[in-house]
Amino acid sequence: MAVTREDVLKWIRAYAEVLAENMEYLTELDAQIGDADHGANMNRGFRTVLQKLPDNEDKDIGTIMKVVGMALLSKVGGAGGPLYSTIFIQAGKTIDGVLEFELEDWAKALEAATTGVINLGKASLGDKTMVDALIPAVEALKEASQQGLSLGEGLALSAKAAEDGMIATIPLVARKGRASYLGERSAGHQDPGATSTFMLLDTAAKVWANDC
Ligand SMILES: Nc1ncnc2c1ncn2[C@@H]1O[C@H](COP(=O)(O)OP(=O)(O)OP(=O)(O)O)[C@@H](O)[C@H]1O
Ligand SMILES: [Mg+2]
């Protein structure tokens, strides 16, 4: 059972919709500890992604992912744009030139994406960033793949791990990005980037599970 190119396209389109629906929610989270632009940034980025997809839907999965990453880089400034761009570009490099992939490949792709985000932003687990959703999700995917679980099971476990990581950011004091300027006052608020990252992986779990 594999994730096909059509599944990947469905996932990207579904995530764009999730972001549009949650634009105010993500902005509210960013208003608490940042500059209230995360929802608008992500929505603007994925509007551009949607415009780029029709010309690229016949390409391989890696190329499609890289197109998404480049669109985000060109349209989303600040910290979030380059970090999200890295997720797609690194994942695309890992699963390049294929028309479908398995759970094991997705585990490797998300691991490369996470390493890319860490190399760029220098955040560690517990710094109250998107890394707090990514690392547990990668661990869950690797474990599921090693245990020979199905694609659907692995994706559901990774989405749950990302959700737990997102919730775990609430009591943390931010050590990276704009939120870190608040120091102790950043505690008690959920990190917006970890929230949008959970949504990304949750959308993958929901969309891709329908086909496996
Ligand atoms: N150094 C970093 N490493 C990983 N993630 C980061 C880093 N800095 C910020 N983030 C993530 O980016 C999110 C903010 O994204 P947003 O789109 O609001 O960009 P921004 O306003 O330019 O960023 P910031 O508020 O950090 O200056 C944060 O919630 C956090 O998850
Ligand atoms: Mg912001």
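Residues numbered from 1 in each chain as written. Chains lettered and ligands numbered in written order. Predicted model: local features only at pLDDT ≥ 70, side-chain atom pairs only at ≥ 80, totals over all residues.

A. Structural context of the overall build of the protein. Summing up its helical and strand segments, the protein has 9 helices and 2 strands in all. Tracing the protein from N to C terminus, the helices and strands come up as β-α-α-α-α-α-β-α-α-α-α. Against the 2.2 N^0.38 benchmark of 17 Å for 212 residues, the protein shows a C-alpha radius of gyration of 16 Å, consistent with a compact globule. For the protein, the spread of C-alpha atoms along the three principal axes comes to 45 × 40 × 30 Å. Long-range pairs, those at least 24 residues apart, make up 67% of the contacts in the protein with a sequence separation of at least 6. (Helix = DSSP H or I, 4+ residues; strand = E, 2+ residues; numbered from the N terminus. Rg over C-alpha atoms; globule rule 2.2 N^0.38 Å. Contact = placed C-beta atoms within 7 Å.)

B. Focus on the site of ligand 1. Neighbouring ligand 1 are 24 residues, the closest being Gly78, Gly80, Gly121, Gly177 and Gly193. Elements with a minimum of two residues in the shell around ligand 1: α3 (38–52), α5 (80–94), α6 (103–121) and α9 (192–209). If you tally residues by element for the shell around ligand 1, the top one is α9, at 3 residues. Residue classes in the shell around ligand 1 are distributed as 8 nonpolar, 9 polar and 7 charged. (Near = placed C-beta within 6 Å. Nonpolar A, V, L, I, M, F, W, Y, C, P; charged D, E, K, R; others polar.)

C. Region of interest: helix α7 (residues 131–146). A rise of 1.5 Å per residue sets the reference length of α7, with its 16 residues, at 22 Å; its end C-alpha atoms lie 22 Å apart and thus fit the reference within 8%. Listed in full, the buried residues belonging to α7 are Val131, Asp132, Ala133, Leu134, Ile135, Pro136, Ala137, Val138, Ala140, Leu141 and Ala144. On its buried face, α7 sits against α6, α8 (151–168) and α9. Positive backbone phi, approximately 70 degrees, marks Gly148, located one or two places after α7. (Expected span 1.5 Å × (residues − 1). Buried ≥ 20, exposed ≤ 12 C-beta atoms within 10 Å, placed from the backbone.)

D. Highlighting the packing of helix α2 (residues 23–33) against α3. Axis separation between α2 and α3 bottoms out at 6 Å; the angle between their running directions is 140 degrees. Taken together, α2 and α3 sit at an angle that is classed as oblique. Residues Met23, Glu24, Tyr25, Leu26, Thr27, Leu29 and Asp30 of α2 form the contact with α3, whose own contacting residues are His38, Gly39, Ala40, Met42 and Asn43. Classifying every residue of the contact of α2 with α3 gives 6 nonpolar, 4 polar and 2 charged. (Axes fitted to C-alpha atoms, helices over the stretch in contact; angles between N-to-C directions. Parallel < 35°, antiparallel > 145°, perpendicular 65-115°, else oblique.)

E. Spotlight on the nonpolar core. Core analysis: the biggest nonpolar cluster contains 63 residues, and Val68, Ala91, Leu110, Ala137 and Leu141 have the highest contact counts within it. Those residues in contact with Leu141 that sit more than four places away from it in its chain are Leu103, Trp106, Ala107, Leu110, Gly154 and Ser158. (Core = buried A, V, L, I, M, F, W, Y, C linked by C-beta atoms within 7 Å.)

F. Fine view of α5. Between its first and last C-alpha, α5 extends 21 Å over 15 residues, near the 21 Å set by a 1.5 Å rise per residue. In the core, the buried residues of α5 are packed alongside α3, α4 (61–75), α6 and α9.

G. Summary view of the environment of Met23. For Met23, the location among the structural elements is in helix α2. Separated by 15 residues in the primary sequence, Met23 and His38 place their C-alpha atoms 8.0 Å from one another. Residue contacts for Met23: discarding those within four places in its chain leaves Gly39, Ala40 and Asn43.

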